[in-house]
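Listed here are the chains, written in short residue letters.
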Amino acid sequence: MATKDPTAVERANLLNMAKLSIKGLIESALSFGRTLDSDYPPLQQFFVVMEHCLKHGLKVRKSFLSYNKTIWGPLELVEKLYPEAEEIGASVRDLPGLKTPLGRARAWLRLALMQKKMADYLRCLIIQRELLSEFYEYHALMMEEEGAVIVGLLVGLNVIDANLCVKGEDLDSQVGVIDFSMYLKNEEDVGNKERNVQIAAILDQKNYVEELNRQLNTVSSLHSRVDSLEKSNTKLIEELAIAKNNIIKLQEENHQLRNENKLILMKTQQHLEVTKVDVDAELQTYKHSRQELDEMYNEARRQLRDESQLRQDVENELAVQVSMKHEIELAMKLLEKDIHEKQDTLIGLRQQLEEVKAINIEMYQKLQGSEDGLKEKNEIIARLEEKTNKITVAMRQLEQRLQQAEKAQMEAEDEDKKYLQECQSKSDSLQKQISQKEKQLVQLETDLKIEKEWRQTLQEDLQKEKDALSHLRNETQQIVSLKKEFLNLQDENQQLKKIYHEQEQALQELGNKLSESKLKIEDIKEANKALQGLVWLKDKEATHCKLCEKEFSLSKRKHHCRNCGEIFCNACSDNELPLPSSPKPVRVCDSCHALLIQRCSSNLP
């Protein structure tokens, strides 16, 4: 004789005890009047048996003071798996008289029985065996088939109406001992079979009525959900139309601002050309009046200092423009990220047709993000306009300074003429007084030597000024190159706007197809029934069309063939044929379309 596994014997015994206790409780409740109190003996024995079943194979958990072996841990896990069980857990924790986890577990079982949902709660717990493995051994009753059988038996307890007072009962110190005398058969029980058969028929009728009520509740909830989805879909379509109108208005304003910016750039270029001509004229005047222009050199030095300051200002403005360029690049990267996110949402729309409402909300949020991006672009354009205004103001200031320099030059020429006249008069007087003032010749010679040295220093200063002017010319060339880069950036911006317009068109198509999605749900369900035996290729695995091998994008979207399950583009899968599994015509790729037509032609006489 082969010895049986003692754990299997324990599970069988507990299963039999559960059957007897549930059966006896239902029969006695029907004879007693179906409304039970906490003092009813069969009901007490049922809770004891359930406690033994839940304790079977429970792992021992170590704590600081002692070892803990309680069923409150797995029962507390039901709240995470079944949201309706949160009320029971909260009410059990709020009971004042409970101090031990075992008392909380007993109170939880009593409340679940009063709610008639004990079978539903324990079914959710048994399904998640990976989570139960943290609390039970592998050979425990809740981890084996006996646990599922007991949960099925608990469904019959829904016919019992229990009225239990959990608050005043001492559940912590109760002793759970099974009274086997209640389940031993007597001769009187054999004579009551006919009455039990009648009671079972009545119970079956009650269960049938309760199931009908549940189905009616689910149907009404589904109708309300469909109505809410239709309303939300219409609202989202209206919001899409409003957003599109706003985008068109913003594009027109952007176009006007660009035209104004181009006019400002043309004016600045003209001002630069005028300033170049003025600078060349000044250079020629400096060459002609290079000698005996002491005050002009000093004023030229001052002008150079001012121009150096202007140069620093221009460099700062160039640095700001470079930073603005980086900001524009960052904005374009953000737009690319938004495009990728929109592609992900489009793929999610095909996978989650039942969750149309959530996907529409995400699309609305992304439209708001695109509007924010447009607002940021308008702010950037406003900043550019402010900078162009600053540049025009600086050019006006340069023109005023050039006018002041011309006035100063005229004054210096007048002073030079006066100085020459004075020198001629002095030379005449000196020639007359040569014979008388021979002693002053030595002093005059020394003065001439000083003047020669001073002229040499002036010549060196002129060379330095020439070098500074050449450096300024190089800087003007750099400014021209920067203008070319700015024009290139404008071209790139126009290309990106074209891409953005294409994406908006794709979004419009999606909005139109979302309105038609509800009508196509039934066709898709029928096609899914037909494809239950096929291998349905996932959207993430397909990046190119199988026939034309073109890459998928927002404009070139993915379509499943209802015959072979592969993914094709719209051009390669625009055929529709009725399949044997679905009488309505469904989408089929070109290759499957040709094969099906050949088969139909071969079957014809």
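Predicted model, so just to flag it, every value in this text is computed and none were measured.

Caption draft 1: Spotlight on the overall build of the protein. If you tally the helices and strands in the protein, you get 15 helices and eight strands. In the protein, which comprises 605 residues, the proportion classed as buried is 29%. By sequence separation, contacts in the protein at least 24 residues apart represent 70% of the contacts at least 6 residues apart.

Caption draft 2: Focus on a negative patch on the surface. Negative charge collects at one region of the surface, where Glu295, Glu411, Glu413, Asp414 and Glu415 lie side by side. Looking at the element boundaries, Glu411 is found in helix H13 (residues 356-432).

Caption draft 3: Representation of the packing of aromatic side chains. What the rule picks out here adds up to three aromatic pairs. Summarising the aromatic geometry, the rings of Tyr82 and Tyr121 are spaced 5.2 Å apart at their centres and angled 70° between planes, so their arrangement reads as edge-to-face. Residue Tyr82 is located in the loop between helix H4 (78-81) and helix H5 (86-94), and its partner Tyr121 is located in helix H7 (residues 118-127); the two are separated by 39 residues in the primary sequence. Taken individually, Tyr82 and Tyr121 each receive the classification buried, so the pair is uniform in this respect. Taken together, the aromatic side chains of Tyr82, Trp108 and Tyr121 make up a single cluster linked through ring pairs. Just above the ring of Phe47 sits the side chain of Arg110; from NZ or CZ to the centre is 4.2 Å.

Caption draft 4: Representation of the nonpolar core. Judged by nonpolar contacts, the single largest core of 63 residues is most densely connected at Leu43, Phe46, Trp108, Tyr136, Leu154 and Leu157. Secondary structure elements with two or more residues in this core: helix H1 (6-32), helix H2 (41-55), helix H3 (72-76), H5, helix H6 (101-115), H7 and helix H9 (145-154). When residues in this core are grouped by element, the largest group, nine residues, is from H1. The next biggest cluster of nonpolar side chains, apart from the first, holds 15 residues, and it includes Cys561, Ile567, Cys572 and Leu579.

Cut-offs used in this document
- Residues numbered from 1 in each chain as written.
- Predicted model: local features only at pLDDT ≥ 70, side-chain atom pairs only at ≥ 80, totals over all residues.
- Heavy atoms only, no water.
- Helix = DSSP H or I, 4+ residues; strand = E, 2+ residues; numbered from the N terminus.
- Buried < 20%, exposed > 50% of the residue type's maximum accessible area, 1.4 Å probe, protein only.
- Contact = heavy atoms within 4.5 Å.
- Patch = residues over 30% accessible without salt bridge, like charges linked within 9 Å, V, L, I, M, F, W, Y side chains within 5 Å.
- Areas by Shrake-Rupley, 256 points an atom, 1.4 Å probe, with all protein chains shown as cover.
- Salt bridge = Lys/Arg side-chain N within 4 Å of Asp/Glu carboxyl O.
- Lys, Arg positive; Asp, Glu negative; His and termini not counted.
- Charge placed at Lys NZ, Arg CZ, Asp CG, Glu CD.
- Phe/Tyr/Trp six-rings, centres within 6.5 Å; stacked < 30°, edge-to-face > 60°.
- Lys NZ or Arg CZ within 6 Å of the ring centre and 35° of its normal.
- Core = buried A, V, L, I, M, F, W, Y, C linked by side-chain atoms within 4.5 Å.

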